[in-house]
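Okay, here's what each chain looks like letter by letter:
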Amino acid sequence: MKSVTQHGAFPMTRWSVVIALREGGDLAQGRMALAELCKIYWRPLYSYARYQAIPPADAEDLTQSFLGFALEKELFNAADAGLGRMRNYLLTSFGRHIKHWQRQNHALKRGGGREVLSLEASMAEDEIAIHPVDHRTPEANYQRQCAMRVIEAAVEQLAKEQEEAGKGAIFQALRPRLDPSQAVSGNDAELAKSLGLTHDSVRQAVSRLRRRFREIMKEIVASTLSSPTEESVNEELAALRNALVD
């Protein structure tokens, strides 16, 4: 099976770059990879801690110290590329991190001397308020948060591309149509008129945006797999879709 080409959104978070750190790989490149990884996984990890009834301040400390540890690359010294999926490796490692903290029976020093991502914690708390603990396990909630963050990252990348192409206003107007369930919502004739486009032009633009959105999703997912192939990427996309189902 042919490997998926790495380019576009978050190209440096792929396992090969991360694993190379323990063998003396490019430190600056590796830290960039891990920093991008933290952007995707900070909120899911924080939410995982919160869904285990850990107070917000402690959950923030745990998440920050854990990813700080990752940024210092020790976390990946024992990482095996054969483990495959970055999200699963991080969940297993974070679970051990929490158990160690619980055995210590006290909170870690706040922030570990690093900047605390209070905005991320606030956004995660808002999501927890919207989706309170119910039948889902902390692990299921973590997987759901991972799926949401990948989607958000893809939308952000697409928005950036459209802005750079001078199509930012059109993208914002058509953004809701990225969701297939919204394909026929609203009045396309009025939307086309407001954008100075024909009805057919709007439909073609939506089709192009959806196609590019799917491409970006594949790029992001491929970057979190050890040996991405079309098959493994599609399997991961299916797993993320399933994680969104209540």
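Residues numbered from 1 in each chain as written. Predicted model: local features only at pLDDT ≥ 70, side-chain atom pairs only at ≥ 80, totals over all residues. Heavy atoms only, no water.

**Remarks on helix 8 (residues 188-195)**
Here is step 1: When helix 8 is considered as a whole, its buried residues turn out to be Asp188, Leu191 and Ala192. Seen end-on, helix 8 carries its buried residues on one side only, within an arc spanning 100°. Away from its buried face, by an angle of more than 90 degrees, helix 8 presents the exposed residues Glu190, Lys193 and Ser194.
Here is step 2: Elements in contact with the buried residues of helix 8: helix 7 (168-174) and helix 9 (199-222).
Here is step 3: Of the residues one or two after helix 8, Gly196 is the one with positive phi, at around 70°. (Buried < 20%, exposed > 50% of the residue type's maximum accessible area, 1.4 Å probe, protein only. Helix = DSSP H or I, 4+ residues; strand = E, 2+ residues; numbered from the N terminus. Arc of directions from axis to C-beta. Contact = heavy atoms within 4.5 Å.)

**Some remarks on the packing of aromatic side chains**
Here is step 1: By the definition in use, this model includes four aromatic pairs.
Here is step 2: Taking 5.4 Å as the distance between ring centres and 15° as the angle between the ring planes, the aromatic pair formed by Trp42 and Tyr46 counts as stacked. With Trp42 and Tyr46 both in helix 2 (residues 27-50) and four residues apart, this pair spans about one turn of that helix.
Here is step 3: Ring geometry for Phe66 versus Phe94: centroids 5.0 Å apart, planes at 55°, classification tilted. Of this pair, Phe66 sits in helix 3 (residues 56-71) while Phe94 sits in helix 4 (residues 86-104), and the two are 28 residues apart along the sequence. (Phe/Tyr/Trp six-rings, centres within 6.5 Å; stacked < 30°, edge-to-face > 60°.)

**Considerations on unusual backbone geometry**
Here is step 1: Unlike most non-glycine residues, Ala53 shows phi in positive territory, near 65°.
Here is step 2: Structurally, Ala53 is set in the loop between helix 2 and helix 3.
Here is step 3: A residue is classified by how much of its surface remains accessible, and Ala53, at 66% relative accessible area, is exposed.

**Concerning the nonpolar core**
Here is step 1: Judged by nonpolar contacts, the single largest core of 48 residues is most densely connected at Tyr41, Phe94 and Tyr142.
Here is step 2: At the level of elements, helix 2, helix 3, helix 4, helix 6 (138-164), helix 7, helix 8, helix 9 and helix 10 (230-243) are the ones that each hand at least two residues to this core.
Here is step 3: In terms of residues, this core owes the most to one element, helix 9, which gives ten residues.
Here is step 4: Those residues in contact with Tyr142, other than ones at most four positions away along the chain, are Tyr41, Pro44, Leu45, Tyr48, Arg87, Leu90 and Leu91. (Core = buried A, V, L, I, M, F, W, Y, C linked by side-chain atoms within 4.5 Å.)

**Observations concerning the pattern of salt bridges**
Here is step 1: Scanning the model with the defined rule gives eight salt bridges in all.
Here is step 2: Of the charged contacts in the structure, one is a salt bridge between Arg43 and Glu152, with a shortest N-O distance of 3.5 Å. In this pair, Arg43 sits in helix 2 while Glu152 sits in helix 6, placing the two residues 109 residues apart along the sequence. (Salt bridge = Lys/Arg side-chain N within 4 Å of Asp/Glu carboxyl O.)

**Some points on the environment of Arg85**
Here is step 1: Positionally, Arg85 belongs in the loop between helix 3 and helix 4.
Here is step 2: Measuring from C-alpha to C-alpha, the distance between Arg85 and Leu225 comes to 5.0 Å, with 140 residues separating the pair along the chain.

**Section: the environment of Arg203**
Here is step 1: In this fold, Arg203 is placed in helix 9.
Here is step 2: Considering only alpha carbons, one finds Arg203 and Ala192, eleven residues apart in sequence, at a separation of 9.3 Å.
Here is step 3: Within the local environment of Arg203, its side chain forms a polar contact with the side chain of Asp200, the two groups lying 2.6 Å apart. (Polar contact = N/O pair within 3.5 Å; in protein donor to acceptor, adjacent residues only side chain to side chain.)

**Examining the confidence of the model for the protein chain**
Here is step 1: Looking at the protein chain, pLDDT values average 75 and 64% of them are 70 or higher.
Here is step 2: Contacts for the low-pLDDT stretch residues 107-116, under 50 throughout, to residues beyond four places or in other chains number 20 contacts. (pLDDT = per-residue confidence, 0-100.)

**Brief notes about the packing of helix 6 against helix 9**
Here is step 1: Following both chains from N to C, one finds helix 6 and helix 9 inclined at 125°, their axes separated by 9 Å at the closest point. By the angle between their directions, the pair helix 6 and helix 9 is classed as oblique. With respect to the hand of their crossing, helix 6 and helix 9 are arranged in right-handed fashion. In contact with Val150, Ile151, Ala153, Ala154, Val155, Gln157, Leu158, Glu161 and Gln162 of helix 6, helix 9 contributes Leu209, Arg212, Phe213, Ile216, Met217, Ile220 and Val221. (Axes fitted to C-alpha atoms, helices over the stretch in contact; angles between N-to-C directions. Parallel < 35°, antiparallel > 145°, perpendicular 65-115°, else oblique. Left-handed = near helix turned anticlockwise from the far one by under 90°.)

**Regarding a positive patch on the surface**
Here is step 1: A contiguous patch of positive charge, built from Lys167, Arg208, Arg211 and Arg214, is present on the exposed surface.
Here is step 2: Inspection of the secondary structure assignment puts Arg208 in helix 9.
Here is step 3: For Arg208, a relative accessible area of 43% puts it in the partly exposed group. (Patch = residues over 30% accessible without salt bridge, like charges linked within 9 Å, V, L, I, M, F, W, Y side chains within 5 Å. Areas by Shrake-Rupley, 256 points an atom, 1.4 Å probe, with all protein chains shown as cover. Lys, Arg positive; Asp, Glu negative; His and termini not counted. Charge placed at Lys NZ, Arg CZ, Asp CG, Glu CD.)

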